[in-house]
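Coordinates in review
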Amino acid sequence: MNSFDHSRLDEDELLLEPEWVLLPDGPARRHAVLVRHGVFAEVGPSEAVESRHPDLTPLRMDETLLMPGLVDTHHHLTQSFGKALVFGEPSEIFRRVWVPLEAGLDEESAYLASKLAALESLRGGFTTVCDAGTRMEPDVGVVAEAASDAGIRCVLGMICNDLRPDGGHEPHDAVLARAQAHLERWDRHDLIHPSLAVSIPEAATTPTLAAVSDLCRSRGAVFQTHVNEHLAAVERSLERHGRRPLEALFDDGILGAQCLLAHVTLLTPTEITMLRDSGSAVSYNPVASSWKGNAVAPALTFAAQGIRFGIGTDGTRGDGFRLMDAAETAQRLAYGAQTGDSSTGGGWTWLDHATSGGAAAAGLGGVTGSVTEGLAADYLLVDLAVPEMLPSWDMEWELVRLANRDQILAVVIGGRPRLWRGWPVDWDARQLMEDARRRAQKVVANAPVHIVHPTAGEHRRVHRAHRPTRAPE
Ligand SMILES: [Zn+2]
């Protein structure tokens, strides 16, 4: 039984000796990790690291795994008030729920919604979230403030649509000026990494799409957009341009290593080649596919083709272990079962893409994503002393299939403990929950959201009313 608490983790120089460390090549025993000023300063066999630092008292942790924090490559932090409104909804929820809901956010509600989402992410083991942008009126700085106050690392997308749903448009130069200012504003922030986004390709003209993507390329930022997610969007693109959304982006020279494309579930073999040849990254969002999608992205094909990808929640639920489980299960049911592929990534694939692969897709490969010297000390301490993880034969696969967020003892970002046993160490999460609960009710009541599907209770009543009654014998 370990007897330390989070205060031990908050030291400028800390020598950690957990029973297991998840290294880039897999779990290792008898390894030590030296954290200095928020960075993994040394990682190696315990004896060697200890002998170089006789002055430091190692923090030994039995039956504990130190692993990299998870990276959620697709999120919308401002949408957390609506996450339980969209169950059973048909595709393109953004038109009926997200756009109206975001339009109803003021500064305070946007802050509360974002901080609530960040808290959920932290509790689910995410140390980085990639926000794909919000169409709300208040400045996106409020999302940065919420993420920063919660203590989570955030790739912060700002929407650069020049076409509006009402037919209006913002001048190209004005969009680019906003884009430049956003990249400069967060340039040196230690937790906020600026990014630019276009909600869906049809929300911007081709010159603006190209210019925004180019700006990201030249500034080392990530360009985000939602592509080939729904049949309706693919067909709209075919009708308007004679090309599918991804084909149009490829032909117009918009794709490249700076791109992080969300969903990308409806792919032709030609488009898979375009993804590979352009070097674009994908956020594979398996829970979003299950809850509202038309298809499951061929992530195993991405892996086999060397297409860069991370795994994203899309704001469904901020639970990293369940996300990895869904990532594997969706591939198995959508692809592996038909071809007799019982391995379906072998466990490690999902762990890698939820950590280092996700960081690389989010443009943070040089910042976070693995327990590697020189990277930020973004890590989780996971309690292995639970019946679900015993006996252990294959830890990586066990983390994907068996582990649970209640095993996360600590969430540490940039060397600072942010959560201890599920709760923030330096701010009042209960107060936030209370404020968010009150505020969410008002925001949802006032937003013109259009929900098609009834709640479970109403659905049960309707379903029962239509059940055939058995004829009397
Ligand atoms: Zn999204």
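Residues numbered from 1 in each chain as written. Predicted model: local features only at pLDDT ≥ 70, side-chain atom pairs only at ≥ 80, totals over all residues. Heavy atoms only, no water.

**Things to note about the pairing of strand β7 (residues 126-131)**
Counting buried positions along β7 yields six of six residues, so the element is predominantly enclosed. In this sheet, β7 lies alongside strand β6 (residues 70-75) in parallel orientation, the contact comprising four bridges. Bridging across to β7, His75 finds its partner in Asp131. Two elements, β7 and strand β8 (residues 153-159), share four bridges in a ladder whose sense is parallel. What sits directly across from Thr128, in β8, is Arg153. Taken together, β7, helix α5 (residues 141-150) and β8 constitute a β-α-β crossover, and its handedness is right-handed. (Buried < 20%, exposed > 50% of the residue type's maximum accessible area, 1.4 Å probe, protein only. Helix = DSSP H or I, 4+ residues; strand = E, 2+ residues; numbered from the N terminus. Pairing = 2+ DSSP bridges. Right-handed = clockwise from strand over helix to strand, strands pointing away.)

**So, the packing of helix α4 (residues 107-123) against α5**
At a minimum axis separation of 8 Å, α4 and α5 run at an interaxial angle of 40°. For the element pair α4 / α5, the angle class is oblique. The two elements α4 and α5 cross, and the hand of that crossing is right-handed. Here Glu107, Ala110, Tyr111, Ser114, Lys115, Ala118 and Leu122 of α4 come into contact with α5, specifically with Val142, Val143, Glu145, Ala146, Asp149 and Ala150. The residue inventory of the contact of α4 with α5, partitioned by class, reads eight nonpolar, one polar and four charged. (Axes fitted to C-alpha atoms, helices over the stretch in contact; angles between N-to-C directions. Parallel < 35°, antiparallel > 145°, perpendicular 65-115°, else oblique. Left-handed = near helix turned anticlockwise from the far one by under 90°. Contact = heavy atoms within 4.5 Å. Nonpolar A, V, L, I, M, F, W, Y, C, P; charged D, E, K, R; others polar.)

**Things to note about unusual backbone geometry**
For the bond running from Leu390 to Pro391, omega is -15°, close enough to zero to count as cis. With phi around 50°, Arg30 is a residue other than glycine that occupies positive phi space. Within the chain, Val264 stands out as a residue other than glycine whose phi angle is a positive 45°. Structurally, the position occupied by Val264 is in the loop between β11 (259-263) and α10 (269-278). Note on Val264: relative accessible area 0%, which makes it buried.

**Describing the environment of Ala295**
Structurally, Ala295 can be placed in the loop between α11 (286-292) and α12 (299-305). Residue Ala295 is classed as partly exposed on the basis of its relative accessible area of 21%. Spatially, the C-alpha atoms of Ala295 and Asp62 are 43 Å apart, while their sequence positions differ by 233 residues. For Ala295, the contacting residues outside a window of four places in its chain are Thr265, Leu266 and Ser289.

**Remarks on the packing of α4 against helix α17 (residues 429-446)**
With their axes 9 Å apart at the nearest point, α4 and α17 run at an angle of 125° to one another. In terms of orientation, α4 and α17 fall into the oblique class. For the element pair α4 and α17, the recorded crossing hand is left-handed. Contact residues: Glu108, Ser109, Leu112, Lys115, Leu116 and Leu119 in α4; Ala429, Leu432, Asp435, Ala436, Arg439 and Val443 in α17.

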